Amino acid sequence: MTLDELRALARAKLRAAGLAGEHADAVAETMVSGERDGCASHGIYRLLVADRSIRAGVVVPDAVPKVSEPKAGLVQVDGGGGFAQLAFERGMPLLVEKARANGIAALALNNVVHFAALWPEVEALADQGLVALAFTPSHAWVAPAGGTKPVFGTNPIAFGWPRPGREPFVFDFATSAVARGEIELHRREGRSIPEDWGYDSEGRGTTDAEAVLNGAMRTFGGHKGSALAAMVELLAGPLIGDMTSAESIAADESRGGSPIGGELILAIDRAGFLGEAVLANLTRAEAMFAAIEGQGARLPSQRRYAARARCLAEGVTIPAALYADIMAIGV
């Protein structure tokens, strides 16, 4: 399919599932971006995830985000129980304005439903010339290092750094050993998973994707990933007055929907710190990137950008079984 065909399909199926127009457009764009950049677990497959959340009543399909300014450098958006994408769109212009005025600003998204990666948001801010960080918890699916029972969400962290004349430096990773969507894709395709991805419900290591989905995932890097996961819980939960991952999965009430809660986004204007020294310091940053790439190492996001170039030229290919499931939405 071409990306335009994929976008039209995603919008149509989200509307057929009951999502209001502006929400459908914003959510579809995130899914198309994932598919375009070769991130299948965050791509059009997420139509099934969104449809399930809508049918389960987890999402308010016509929520109207409300933007407020609690402090000079802060923006808050109450998403009203809708998907996070439209809430971010509504809050981003004011976040950009405040970051440029103050040097740094923060955006708190509250009362939203999450199903996607965070890189589209930090990339959008980097495209505005701002350094960006984003954090969000999810459902309690992940055991802390040394334990086997879920406490944390997959708790992603994303970072964006603008680069002159080229795509920004962006990374986005879960603090779990792997994205939950990746395990779900293995389950759909009947493939085994590495044993270090998670535990079954009895706390035993397993290569069965279904068993891990019903048990607990592991953090990446042992205690280091566990500490980062705890940090995300605090930053995007109690700090902004929203849910922890344990509270989110409790609020789901076994409906099987996407995580409910908040997101914290920080935006920094480099000129606020550096003034006229911006250009010289950007050159120093580029020297670091050159030192990485010069020895054959890959920068985060390079794979995505390469996939993006291919998809813009060639379109995308959707597995037949997934396409059939998507076409059944709203029928």
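The protein chain is annotated in an unreviewed UniProt entry as Ldh family oxidoreductase of Sphingomonas naasensis. Of the comments in the UniProt record for the protein chain, the one headed Sequence similarities (unreviewed entry) reads "Belongs to the LDH2/MDH2 oxidoreductase family."

S.K.: Sorry if this is basic, but what is going on with the nonpolar core here?
M.R.: Core analysis: the largest hydrophobic core is formed by 33 residues, its most contacted members being Leu-14, Met-31, Ile-44, Leu-47 and Phe-83. Residue assignment for this core shows that the elements contributing at least two residues are helix 1 (3-16), helix 2 (21-36), helix 3 (46-55) and helix 13 (320-327). Built from parts of two domains, this core gets at least three residues from each of domain 1 (1-55 + 315-331) and domain 2 (63-176 + 219-300). Apart from the residues within four sequence positions on either side, Phe-83 is in contact with Leu-19, His-23, Val-27, Ala-50, Ser-53, Ile-54, Val-59, Val-112, Val-113 and Phe-115. Formed by 28 residues, the second largest nonpolar core is a distinct cluster that contains Ala-84, Phe-88, Met-92 and Ala-117.

S.K.: Quick question: what am I supposed to make of the packing of aromatic side chains here?
M.R.: Within a pair of aromatic rings, the relevant descriptors are the distance that separates the centres and the angle that separates the planes. Enumeration according to the criterion identifies seven aromatic pairs in this entry. When the centroid spacing of 6.2 Å and the interplanar angle of 75 degrees are considered together, the rings of Phe-169 and Phe-171 count as edge-to-face. When the ring of Phe-169 is compared with that of Phe-289, the centres are 5.1 Å apart and the planes differ by 40 degrees; the resulting orientation is tilted. Taken together, the residues span a long stretch of sequence, with Phe-169 in strand 6 (residues 166-173) and Phe-289 in helix 11 (residues 278-293) at a distance of 120 residues. Judged by relative accessible area, which is 13%, Phe-169 ranks as buried. Against the face of Trp-161 rests Arg-270, its NZ or CZ located 4.8 Å from the ring centre.

S.K.: What exactly am I supposed to notice about the domain arrangement of the protein chain here?
M.R.: Annotation of the protein chain at the domain level lists domain 1 (1-55 + 315-331) and domain 2 (63-176 + 219-300). Domain 1 and domain 2 are separated by 23 Å when their C-alpha centres are compared. Opposite the 19 residues of domain 1 that make contact, domain 2 presents 14 residues. Buried area between domain 1 and domain 2, summed over both chains or domains, comes out near 1,400 Å², and the portion from carbon and sulfur atoms is 66%. The interface formed by domain 1 and domain 2 holds one salt bridge in total. In this assembly, domain 1 and domain 2 are joined by six residue pairs in polar contact (both at pLDDT 80 or more). Elements with a contribution of two residues or more to the side of domain 1 that touches domain 2: helix 2 and helix 3. In terms of residue count, helix 2 provides more of the side of domain 1 that touches domain 2 than any other element does, nine residues in total.

S.K.: I keep staring at the pairing of strand 6 and nothing clicks. Help me out?
M.R.: Looking along a regular strand, one sees side chains alternate from face to face of the sheet. One ladder, built from six bridges, connects strand 5 (residues 157-163) with strand 6; its direction is antiparallel. Of the residues in strand 6, the one forming a bridge with Arg-163 is Arg-166. In this antiparallel pair of consecutive strands, strand 5 and strand 6, the connection spans two residues, and Gly-165 shows a positive phi of 75 degrees.

S.K.: Would you explain the environment of Arg-284 in this entry?
M.R.: On the secondary structure map, Arg-284 appears in helix 11. Side chain to side chain, Arg-284 and Asn-281 meet in a polar contact 2.7 Å long.

S.K.: Is there a simple way to think about helix 4 (residues 84-102) in this case?
M.R.: Given 3.6 residues per turn, any residue in an α-helix points the same way as the ones three and four places further on. Over its 19 residues, helix 4 extends 25 Å from the first C-alpha to the last, a length consistent with the 27 Å expected when each residue adds 1.5 Å. For helix 4, the principal kink sits at Gly-91 and spans about 40 degrees; a proline, Pro-93, occurs within the next four residues. Every buried residue belonging to helix 4 is among Ala-84, Gln-85, Leu-86, Ala-87, Phe-88, Gly-91, Met-92, Leu-94, Leu-95, Val-96, Lys-98 and Ala-99, and all of these are buried. Next to the buried residues of helix 4 lie helix 2, strand 1 (66-68), strand 2 (74-78), strand 3 (104-113), helix 5 (119-126) and strand 9 (260-268). Of the residues trailing helix 4, Gly-103 is marked for its positive phi of about 95 degrees.

S.K.: Got a minute to help me understand the side chain of Arg-308 in this structure?
M.R.: On the secondary structure map, Arg-308 appears in helix 12 (residues 302-314). Excluding its chain neighbours within four sequence positions, the residues that come into contact with Arg-308 are Arg-36, Asp-37, Trp-119 and Glu-123.

S.K.: Would you mind showing me how to read the sheet that holds strand 4 (residues 131-135) here?
M.R.: Sheets are built from strands that pair by backbone hydrogen bonding, the pairs being arranged parallel or antiparallel. An order of 1-2-3-9-4-5-6 is seen for the seven strands of this open sheet, with the pairing classed as mixed. Every other strand in the sheet has two partners, leaving strand 1 and strand 6 as the edge strands with one partner each. Here the average twist between neighbouring strands, direction ignored, is 15 degrees. The pairing of strand 4 with strand 5 spans four bridges and is classified as antiparallel.

Calculation criteria
- Residues numbered from 1 in each chain as written.
- Predicted model: local features only at pLDDT ≥ 70, side-chain atom pairs only at ≥ 80, totals over all residues.
- Heavy atoms only, no water.
- UniProt positions renumbered as here; feature names shortened; annotations may be inferred.
- Core = buried A, V, L, I, M, F, W, Y, C linked by side-chain atoms within 4.5 Å.
- Buried < 20%, exposed > 50% of the residue type's maximum accessible area, 1.4 Å probe, protein only.
- Helix = DSSP H or I, 4+ residues; strand = E, 2+ residues; numbered from the N terminus.
- Domains from an automatic or database assignment.
- Contact = heavy atoms within 4.5 Å.
- Phe/Tyr/Trp six-rings, centres within 6.5 Å; stacked < 30°, edge-to-face > 60°.
- Lys NZ or Arg CZ within 6 Å of the ring centre and 35° of its normal.
- Buried area = accessible area lost by both parts, 1.4 Å probe.
- Salt bridge = Lys/Arg side-chain N within 4 Å of Asp/Glu carboxyl O.
- Polar contact = N/O pair within 3.5 Å; in protein donor to acceptor, adjacent residues only side chain to side chain.
- Pairing = 2+ DSSP bridges.
- Expected span 1.5 Å × (residues − 1).
- Bend = angle between axes of the 7 residues up to and from the residue.
- Axes fitted to C-alpha atoms, helices over the stretch in contact; angles between N-to-C directions.

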